[in-house]
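Inside the fold
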Amino acid sequence: QVQLVESGGGLVQPGGSLRLSCTASGRFLRVNNMAWYRQAPGKQREFVAVISRGGSTNHAESVKGRFTISRDNAKNTVDLQMSSLKPEDTAAYYCNADIESRAIYGSATRTYWGQGTQVTVSS
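Report on the accompanying structure.

Rules used throughout
- Residues numbered from 1 in each chain as written.
- Predicted model: local features only at pLDDT ≥ 70, side-chain atom pairs only at ≥ 80, totals over all residues.
- Heavy atoms only, no water.
- Disulfide = S-S within 2.5 Å.
- Helix = DSSP H or I, 4+ residues; strand = E, 2+ residues; numbered from the N terminus.
- Buried < 20%, exposed > 50% of the residue type's maximum accessible area, 1.4 Å probe, protein only.
- Pairing = 2+ DSSP bridges.
- Axes fitted to C-alpha atoms, helices over the stretch in contact; angles between N-to-C directions.

This part takes up the state of the cysteines. Each disulfide is one covalent bond, formed between the sulfur atoms of two cysteines. A complete count under the given rule lists one disulfide for this structure. Paired by a disulfide, Cys-22 and Cys-95 hold their sulfur atoms 2.1 Å apart. Across the disulfide from Cys-22 to Cys-95, rotation about the S-S bond amounts to roughly -80°, and the bridge is consequently left-handed. Highlighted residues: Cys-22 in strand 3 (residues 18-25) and Cys-95 in strand 9 (residues 91-103), separated in sequence by 73 residues. The buried category is assigned to Cys-22, whose relative accessible area is 0%.

So, in structure tokens, the structure goes:
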């Protein structure tokens with residue numbers, strides 16, 4: 001069974017930093033794109049950043065220059081380094097990954113989500 005498990009959330013003051021991590025575990029062939037999303041209370045889930053297996057990245061405009069996504073293919077992990085945090089960054093942050101597994105006729109790719117980790121930016 002494939003799982004994504006996040007860690008690293010918490011309470012931080014405005015201007016502070018946090019690092020989120022997410023690890024994919026279970027039986028699979030390969031982890032392709034990995035991404036972070038977030039959802040604030042009363043709002044829709046929104047894209048934060050994505051990184052391909054080859055290391056190409058894309059960040060939402062709202063976090064560019066403050067957040068950096070990275071990954072370690074050998075460990076099947078993706079990190080989100082967050083700096084210069086603002087109160088509006090407060091949200092539950094979710095890890096997302098496209099994971100290829102064995103199927104009856106070759107392989108199949110499915111999108112998985114983690115359970116979420118809370119980030120609260122407040123003084």
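This brings us to the sheet that holds strand 8 (residues 77-82). Spatially, 1-3-8-7 is the arrangement adopted by the four strands of the open sheet, whose pairing is antiparallel. The sheet is open, and its two edges are formed by strand 1 (3-7) and strand 7 (67-72), each paired on a single side. In this sheet, neighbouring strand axes are inclined to one another by 15° on average, regardless of whether the strands run parallel or antiparallel. Relative to strand 8, strand 3 is paired through six bridges, and the arrangement is antiparallel. Bridge assignment links Ser-21 to a residue of strand 8, and that residue is Asp-79.

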